[in-house]
Amino acid sequence: METRKIKGMKKYVLTLILIISLVSFTKAQDSSETKDLESWTSIGLKYKINKKWTVELLEQYRLKENISVTDQYFSQLEGAYKLNKNLSLGAGLRYIRSNDNKGNVQGYENHFRYHFDISLKHKINEFTLKHRLRYQNKNELGVSEVDGDYAKKNLRFKTSISYDFKDWKFDPKFAAEIFNRSQTGGDNGFSKYRLTLGTSYNMKSAGKIDLYYRMEKELNTSLPKTTNIIGLKYTYTLKNK
C-alpha cells in the first residue's frame, strides 16, 4: 500500500512539473509581450578542496535578439562551504562585459557583481529538492552615483526538484526562481521570475554536461518581456586526493 502511494506521488509531481512548464511557455506567446530567444553557453572548472570547501571558475557567453547578437560574456569565481550534508553557504564574484546596443550611446560596458547564498538540500526517496536564497549586488564600473549609476540589488529565491530514475543517466530537473529588486531611483519589488526544465549527463572522469530550457518573464511592467533561453554548460571537477 505504501509503495503505491510513493509511485502515485512520483507520477503526480512529474505531471505537475510538465503542466506548469507547458502553461508558462504557452503564456510566453501572448502578443501583448515582447519576446526574445537567447543562448547561454558556459564552461566551468570546479575544485573540491575537501569535504567542506569547493571553488569554481566559470566562463559564460550569451547571445540575444534571437541568438544573433552578443549580449554579454563574463568570468565568475565562486566558493561554497558545507555546514553539514544538507546546508551550505556560498559567495561569488563576477566581472561582466555587457553589450549595450540600444539608445544614443552604445558599446560594451564593464560591470561587477557579487552575491551571497544559503542553500538547503534534502531527499525524499528518489526526489532531490534544493532551495537557495541569494543576495546579489551589481553596478557598472567607472560610472558613479553622481552620473546616475546606482547598484542594482536583488534578493532571489530558487527552488528545484530532480528525480533519479533507475538505470537512466538523463534525470529530469525542474526549477523556479523569483527576483525581488531594490534600487535607488528605480522600480522596486518583484521584477521577474524564471522557470527551468533540464537534464544533465555525468561523464565521470570526463566531466558533466548540463542542458536546459529556461523561460524568464518580467513582472510589474506595462510591456513585460519574455525571454526563452537555451542553455548548455560543461563542468570539469578536480578533487584533492
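Scroll up for the structure.
Attention here is on the structure that accompanies the text. Source: prediction; values computed, not measured.

Phi is positive for asparagine 66, which is not a glycine, with a value near 60 degrees. Summarising the element assignment, asparagine 66 is placed in the loop between strand E2 (53-64) and strand E3 (69-82). Under the relative-accessibility criterion, asparagine 66 is labelled exposed at 55%. The backbone of isoleucine 67 sits at a positive phi, close to 55 degrees, despite the residue not being glycine. For isoleucine 67, the location among the structural elements is in the loop between E2 and E3.

Next up on the list: the pattern of salt bridges. Under the defined criterion, the tally for this structure stands at 10 salt bridges. The shortest N-O distance in the salt bridge between aspartate 210 and lysine 173 comes to 3.8 Å. Pair noted here: aspartate 210 is in strand E10 (residues 208-218) and lysine 173 is in strand E8 (residues 172-182), with a separation of 37 residues, a long-range link. In this structure, arginine 194 engages glutamate 216 in a salt bridge whose closest nitrogen and oxygen atoms are separated by 2.6 Å. With a gap of 22 residues between them, arginine 194 in strand E9 (residues 189-202) and glutamate 216 in strand E10 connect regions that are remote in the sequence. Assigned by exposure class, arginine 194 and glutamate 216 land together as buried.

On to the environment of glycine 107. Topologically, glycine 107 is positioned in strand E5 (residues 107-124). Since its relative accessible area comes to 27%, glycine 107 is described here as partly exposed. In this structure the C-alpha to C-alpha distance between glycine 107 and arginine 97, which are 10 residues apart in sequence, comes to 9.9 Å. Apart from residues no more than four positions distant in its own chain, glycine 107 is found in contact with Ser98, Asn99 and Asp100.

On to the sheet that holds E5. Consider a sheet: its strands pair through backbone hydrogen bonds, and that pairing is either parallel or antiparallel. Taken together, the 11 strands give a closed barrel; going around it, the order is E1-E2-E3-E4-E5-E6-E7-E8-E9-E10-E11, and neighbouring strands pair in mixed fashion. Sheet twist, expressed as the average angle between the axes of neighbouring strands with direction ignored, equals 20 degrees. In this sheet, strand E11 (residues 225-239) lies alongside E10 in antiparallel orientation, the contact comprising 10 bridges. If you follow lysine 217 over to E11, its bridge partner there is threonine 226.

Reading the values: the criteria
- In this numbering scheme, every chain counts its residues from 1 along its sequence in written order.
- Side-chain atom pairs in this predicted model are given and counted only at pLDDT of 80 or more, local residue features only at pLDDT of at least 70, and totals for whole chains, interfaces and linings cover all residues.
- Derived side-chain values reflect all non-hydrogen atoms in the structure, with water molecules and hydrogen atoms excluded from consideration.
- Put simply, DSSP marks the helices as runs of H or I at least four residues long and the strands as runs of E at least two long, and each gets a number from the N terminus on.
- Three labels apply to residues, based on accessible area from a 1.4 Å probe with only protein chains included: buried if under 20% of the type maximum, exposed if over 50%, partly exposed otherwise in between.
- Each reported salt bridge corresponds to a side-chain nitrogen of Lys or Arg within 4 Å of a carboxyl oxygen of Asp or Glu.
- The contact rule is simple, with two residues in contact once any of their heavy atoms fall within 4.5 Å.
- Strand pairing is assigned whenever DSSP detects at least two bridges linking the two strands.
- Axis geometry follows a simple rule: fit a line to the C-alpha atoms, using only the stretch in contact for helices, then measure angles between N-to-C directions, giving values from 0 to 180 degrees.

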